[in-house]
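Structure assessment
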Amino acid sequence: MSLDLDISLRQGAFKLQATLASDERVIGLFGPSGAGKSSLLRVIAGLARPDAGHVRINGRDVFDSRHAVNTPTHRRRLGVVFQQPRLFAHLNVTHNLTYGRWFARKRASRARFDHVVEMLDIGALLTRRTAALSGGEAQRVAIGRALLSEPDMLLLDEPLAALDVARRAEVLPYIERLGAETELPIVFVTHQLDELLRLANRYVAAVDDGRVVFAGPTADFLARPELLGDTGYHEAGTLLRARPIAHQAVDGLSVLALGDQRLYVPQLDANNTGDEITVHVRALDVILAREVPADMSALNRLAARITGMTETADGQGVEVRLDVAGQRLDARITRFSAPAMRLAPGDTVTAIIKSLALAEQAWQRLGGL
Amino acid sequence: MLDATQLEVVQLSLKVAGTAVAFSLPLALAVAWFLARSTSRWRMIVDALVHLPLVLPPVVTGYLLLVVLGRRGLIGGWLAEHLGIVFAFHWTGAALAGAIMGFPLMVRPIRLSLEAIDAGSEAAAATLGAAPVMVWLTVTLPLALPGVLAGLVLAFARALGEFGATITFAANIPGETRTLPLAIYSFIQVPGGESQAAQLIVVSIAVSLSALVLAEWVARRIRRRQT
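Please read these numbers as outputs of a predicted model, since none were measured by experiment.

All names here are of chain A. Note that V81 resides in strand 7 (residues 78-81). Along the primary structure V81 and E137 are separated by 56 residues, whereas in three dimensions their C-alpha atoms are 13 Å apart. Ignoring any residue separated from it by four or fewer positions in sequence, one finds V81 in contact with Q139, A142, I143, A146, L155, L156, D157 and P159.

Encoded structure:
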């Protein structure tokens, strides 16, 4: 899929001036509340009309102010899942799910319907009235409804934001499955970094104050704490890709292969071995050592080579860029330690990371999402 | 029970009130939609116009109708000459008077139910491929149904009971424009007509109550499906 837009839109005192061009299948739209992410999504969906510019989806102009093109929402063939489920209260779950079929170019088959119902685990809800659904169930039905309209692209507008923590954890895996089990291009809007890293860990467009301030690989984005908002100081770091090779229930650990090195993380839910997963390592959690202490609790000791060093934006620390088995890993250390250890690019060091620091940062990476 | 004259009165009343609500419903939906969703500055003016029959003395409304739609009226003359449509002193005139008097009562609940609909559902329907007309037919209208129903019943009852505007505009012609309230009034005017009036009074109460009960029953069924 490809998304190419350059639009300006004024809403009262707020001005959205966004430029974005990407061929990625999954795009994360990240930014704080009120940054303009949802407005941008509404522009893509045709629910808001820009003052000027163009929006091109898969090479098709759906909006172009110069040529007076403005395809109405119902002909853009985009499935949208909103923050609120927005189910039709006068229809039961089945009729909500099949609503889009009336208008789809190619009607979803019975098998397709069954597949989506199974994927979202909503088979038991089919005859229910929408008022009888929990928030998480309703949102799953909303996802199914969007999928069954056979869209060319799926737009997810903070689909988890209105749910409490437990419901969020319930729905999140289903959204993850969208990436694994469909080929559908997805734009995923969120203001939560953990959601972004988990669901859109390849490509992100960061929006702030009505502008796209970053667009590129999620891993590069994660290395820029100044873009991460309030949590940036703590959350900035790197995404490591590793392959689970063993789950040691006794120790409560899973062992991941990172090249020929080993990474130990608290045990993962699924018992799959082989498929690569993503581990978010915060730069603050990485300790650098010349010599590995003999008797140490931290399990992860990765042989690394320093590839670059820069002072952090606040001047308090030094960002050390490392190469671990061909992958990038960032560590943030004090301005004192760097010269004290006489660290320099090209040096070999050991990066030490506590396994428990990776407790909630190791994600089953399913498919492309 | 009822004699032929009384039966005729009841039949005529149902025809007049039924015609009144049937013809005003589409317009009431359009006006309610406009009032609920428009941001136009004409909204206030339309709102005031719609409510006018509620606050004007019905006789004034009837008189204005006569002036505008009478045989020699501004529009009435043209209508009679070119289209053969006559309102004044005709049962259609009684229906028109009932429709106008019932209009504000029909618009209000429809408007309220339209305002209560989350515009998000309509946007969702559009993203699922529904063109605006389909959104309206498959989402907006079904969700507004309880309000539409309430409006229908109120307007029907109002049309059924319409007196002042009807007698001014359509007169009190037996078999043509003598609806229930006019008939009751007429019976009371003649000595010995009280018992016939009383029978018609019972009929009015029965018809109005049945309409209310029926509407409530349907509304409950709709609500049970939606909540």
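Moving on, we get to the UniProt feature "domain: ABC transmembrane type-1" (unreviewed entry) in chain B. If you check UniProt for "domain: ABC transmembrane type-1" (unreviewed entry), the listed places come out as residues 10-213 of chain B in our numbering. In this annotation, residues 10-213 of chain B is assigned 80% helix and 0% strand; the end-to-end C-alpha distance for the span is 19 Å.

Here we come to the interface of chain A and chain B. Listed by partner, the interface residues are 20 residues for chain A and 23 residues for chain B. Roughly 1,900 Å² is buried in total at the junction of chain A and chain B, and carbon and sulfur atoms are behind 66% of that figure. Along the contact surface separating chain A from chain B lie 0 salt bridges. Taken together, the residues that form the side of chain A that touches chain B break down as 12 nonpolar, 5 polar and 3 charged.

L97(A), I175(A), L178(A) and F221(A) are the most contacted members of the largest nonpolar core, which has 48 residues in total. Ignoring anything within four residues of it in the chain, the contact list for F221(A) reads F30(A), L193(A), L196(A), V204(A), A206(A), F214(A), L227(A) and L228(A). With 45 residues, the next largest nonpolar core counts A17(B), A20(B), A183(B) and A197(B) among its residues.

Residues and elements named next belong to chain A. Positionally, S22 belongs in strand 2 (residues 14-22). The class of S22 is buried, set by a relative accessible area of 5%. One polar contact links the side chain of S22 to the main-chain amide nitrogen of E24, over a distance of 3.0 Å.

The subject of this paragraph is the packing of aromatic side chains. Considering all chains together, one arrives at 8 aromatic pairs over all chains under this definition. Connected via pairs of aromatic rings, a cluster forms that spans F88(A), Y99(A), W102(A) and F103(A). The ring of W91(B) is capped by K15(B), whose NZ or CZ atom sits 4.2 Å from the centre of that ring.

Residues and elements named next belong to chain B. Between helix 1 (residues 4-37) and helix 7 (residues 132-161), whose axes approach to 9 Å, the crossing angle comes to 140 degrees. The angle between helix 1 and helix 7 places the two elements in the oblique class. Crossing of helix 1 over helix 7 shows right-handed handedness. Residues S13, L14, A17, G18, A20, V21, L25, L29 and W33 of helix 1 pack against W136, T140, L141, V148, L152, A155, F156, A159 and L160 of helix 7. The class makeup of the residues in the contact of helix 1 with helix 7 is 15 nonpolar, 3 polar and no charged.

Rules and cut-offs
By convention here, each chain's residues receive numbers from 1 onward along its written sequence. Chains and ligands are labelled by the order in which they are written, letters from A for the one and numbers from 1 for the other. Totals for whole chains, interfaces and linings use every residue, but because this is a predicted model, local features are given only for residues with pLDDT of at least 70 and side-chain atom pairs only at 80 or more, for both listing and counting. Based on all heavy atoms of the structure, the side-chain values leave hydrogens and waters out of the count. Elements are defined by DSSP. Helices are runs of H or I of four residues or more, strands are runs of E of two residues or more, and each kind is numbered from the N terminus. Between two residues, a contact is recorded if the distance between any of their heavy atoms is within 4.5 Å. UniProt positions are given in the numbering used here, feature names are shortened, and annotations may be inferred rather than shown by experiment. Here the buried area means the combined drop in accessible surface, using a 1.4 Å probe, for two parts upon being joined, counting both sides. The salt bridge definition used is simple: a Lys or Arg side-chain nitrogen within 4 Å of an Asp or Glu carboxyl oxygen. Polar here means any residue outside two lists: the nonpolar Ala, Val, Leu, Ile, Met, Phe, Trp, Tyr, Cys and Pro, and the charged Asp, Glu, Lys and Arg; Gly therefore counts as polar. What makes a nonpolar core is a set of buried Ala, Val, Leu, Ile, Met, Phe, Trp, Tyr and Cys residues whose side-chain atoms join them at distances within 4.5 Å. Here's how the labels work: a residue is buried when its accessible area is under 20% of the maximum for its type, exposed when over 50%, partly exposed in between, all with a 1.4 Å probe on protein chains only. Think of a polar contact as two N or O atoms within 3.5 Å of one another; within protein, one of them needs to be a possible hydrogen donor and the other a possible acceptor, and neighboring residues in sequence only count if both atoms come from side chains. Here the aromatic set is Phe, Tyr and Trp, taking the six-membered ring for Trp, and pairing holds for ring centres within 6.5 Å; pairs whose planes are under 30 degrees apart are stacked, those over 60 apart are edge-to-face, and all others are tilted. Consider the ring centre and the ring normal. A charge sits over the ring if Lys NZ or Arg CZ is within 6 Å of that centre and within 35 degrees of that normal. Here an axis means a line fitted to C-alpha atoms, over the contact stretch when the element is a helix, while the angle between two N-to-C directions is reported on a 0 to 180 degree scale. Every angle not falling under 35 degrees, over 145, or within 65 to 115 is termed oblique; those three ranges are roughly parallel, roughly antiparallel and roughly perpendicular. By definition, turning the near helix anticlockwise from the far helix through less than a right angle yields a left-handed crossing, and turning it clockwise yields a right-handed one.

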